[in-house]
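# An overview of the molecular structure
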Amino acid sequence: MERIAAGDAGALGEIYDAYGRIVFAIVYRMLASPEAAEEVAQDVFHAVWRRAGAYRRERGAVRTWLLAIARNAAIDWRRTRGKRVEREVELDAATAMRADSSVVDSVLLSLRAERVRDAVRTLPPEQRDVLALAFWGGLTQAEIALRTATPLGTVKSRVRLGMEKLRLHLAEES
Amino acid sequence: MNTHPTDDLAAFSIGALDASEQAGVDTHLALCEVCRAEVASFAEVAWGIAELAPLVAPGPTLREQVLDRVRPRTARVASTASRPPLLDGLRRIFDLKVPLAVPLALALLLAISLGGLGSARADADAYARAVAGVADGTVVTLAATAGTEARGSLVVPATGDPYLILRLPAPPAGKTWEAWVLRGEQPLAAGISGDRWGVVTLVLSQPVRPGDGVAVTLEDAGGVAAPRGTIVLQART
Ligand SMILES: [Zn+2]
């Protein structure tokens, strides 16, 4: 990040090589359009370039920072340019899309994803749903409450319990 | 220290808080190591969820496009008009894909500062800062070197790329206008106008940090790595 902040384009290339695919995959999953995902992924790395100086190691891992930028960029895109994609969101849509011929697979990643997928399966459906609406749908808890006609307090506790359960499950396995 | 926002930390990690809640947690995290550790562990979970995104590969050109945007030589000229009436030029500017949220007042302000009102410039400047505060960004009017018709403003939005809005005379044959970010004594090439002139929006390919300067010079077509031409516009942030 220091190198990027100092204007080293090569360092940005390295970040792209490490995270380009996953960033693209995340925004693609959120926007369901390859064109939009390419545009937003570009914006994400451009934002990394501009904001690298503001990255604070003590406030979290690079990938956490990157994930926040990617999600925000996708949410912004949807607000400003995208028609709101109203469709069912599932926390794990992998099964539906694995057949795509352009799918690339990385063994390591899929092993890890398999563990998360197992953890997700242990969640009660209502917790899984709020996490999906928040994470992939880009909705806040208040928006979810409104959308699903559920009391805000209930939504909040589902988010918290769901995340705690996933954390516990993943910790037990490793 | 206030009580820990423990119940909000999971939601914070997946961006599910509304803006004011998020700002509150953010402020707390700056001071609280306990909550930072909690957020870090939820962040691992969030990344795990992110990895459930189907691994669809981006197009093969994405990497190049990403790097192109930050290379000075290939800096984009986002919008130009060969010789538009001023307001027409401004309208084109607001058609940009640049993440602009420029209110009408700022548009008027830019029209004024681009109008180069001579002695009224100081007023325009003061007005610029006042309006920019509302616009949640900063506008700096560039000082024009005596004798040039060029005018311009630097806009640093709260979010999004800094950019220059310029009114440029046609460059002589074989020449281009080139923008620079001056970091200390070091000029960093930040984009060229190419063969465009008139009202031009130039998205800077370099970030602008507090204390940096910005300048526009006339250089050989295609741009140069270090400025040789005369400065026509400049400002220090
Ligand atoms: Zn705390």
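Before any of the text, the structure's been laid out above.
These figures come from a predicted structure and were not determined experimentally.

About the thresholds
- Residues numbered from 1 in each chain as written.
- Chains lettered and ligands numbered in written order.
- Predicted model: local features only at pLDDT ≥ 70, side-chain atom pairs only at ≥ 80, totals over all residues.
- Heavy atoms only, no water.
- Helix = DSSP H or I, 4+ residues; strand = E, 2+ residues; numbered from the N terminus.
- Buried < 20%, exposed > 50% of the residue type's maximum accessible area, 1.4 Å probe, protein only.
- Contact = heavy atoms within 4.5 Å.
- Buried area = accessible area lost by both parts, 1.4 Å probe.
- Polar contact = N/O pair within 3.5 Å; in protein donor to acceptor, adjacent residues only side chain to side chain.
- Nonpolar A, V, L, I, M, F, W, Y, C, P; charged D, E, K, R; others polar.
- Donors = N, O, S within 2.8 Å, 3.2 Å for Na, K, Ca; no water.
- Tetrahedral: all angles 85-135°; square planar, octahedral: opposite > 155°, others 65-115°.

## Describing unusual backbone geometry
Residues and elements named next belong to chain A.
- Unlike most non-glycine residues, Ala32 shows phi in positive territory, near 55°.
- Along the chain, the position of Ala32 falls in the loop between helix H2 (9-31) and helix H3 (34-51).
- Look at Ala32 and you get partly exposed, because its relative accessible area is 39%.
- At Ala149, a position not held by glycine, the phi torsion is positive, near 50°.
- Inspection of the secondary structure assignment puts Ala149 in the loop between helix H8 (141-148) and helix H9 (152-173).

## Focus: the interface of chain A and chain B
- The interface is formed by 62 residues belonging to chain A together with 50 residues belonging to chain B.
- Both sides together, the interface formed by chain A and chain B hides about 5,400 Å², and carbon and sulfur atoms give 64% of it.
- Looking only at chain A, the three residues that lose the most surface to chain B are Arg59(A), Met163(A) and Arg167(A), adding up to 12% of its buried area.
- Across the contact surface, chain A and chain B share 16 residue pairs in polar contact (both at pLDDT 80 or more).
- Mapped by element, the contributors of at least two residues to the side of chain A that touches chain B are H2, H3, helix H4 (62-80), helix H5 (94-97), helix H6 (107-121), helix H7 (125-135) and H9 of chain A.
- When residues in the side of chain A that touches chain B are grouped by element, the largest group, 13 residues, is from H2(A).
- Its residues assigned to classes, the side of chain A that touches chain B comprises 34 nonpolar, 8 polar and 20 charged.

## Some details on the coordination of the zinc ion
Residues and elements named next belong to chain B.
- At this site the zinc ion is bound by His4 (ND1), His28 (NE2), Cys32 (SG) and Cys35 (SG), with donor distances of 1.9 to 2.3 Å.
- One can describe the site at the zinc ion as tetrahedral: its 4 donor atoms subtend angles covering 103 to 115° at the metal.
- Written as a sequence motif, the donor residues of the zinc ion are H-x23-H-x3-C-x2-C. With a gap of 31 residues between them, His4 in the segment before helix H1 (9-13) and Cys35 in helix H3 (residues 33-50) connect regions that are remote in the sequence.

## With respect to the environment of Val27(A)
Residues and elements named next belong to chain A.
- Residue placement: Val27 occurs in helix H2.
- Taking the C-alpha atoms as reference, Val27 lies 6.9 Å from Arg71; in sequence the two are 44 residues apart.
- Non-local contacts of Val27, meaning those with residues more than four positions away in its chain, are made with Ala32, Ala37, Val40, Ala41, Ala70 and Ala74.

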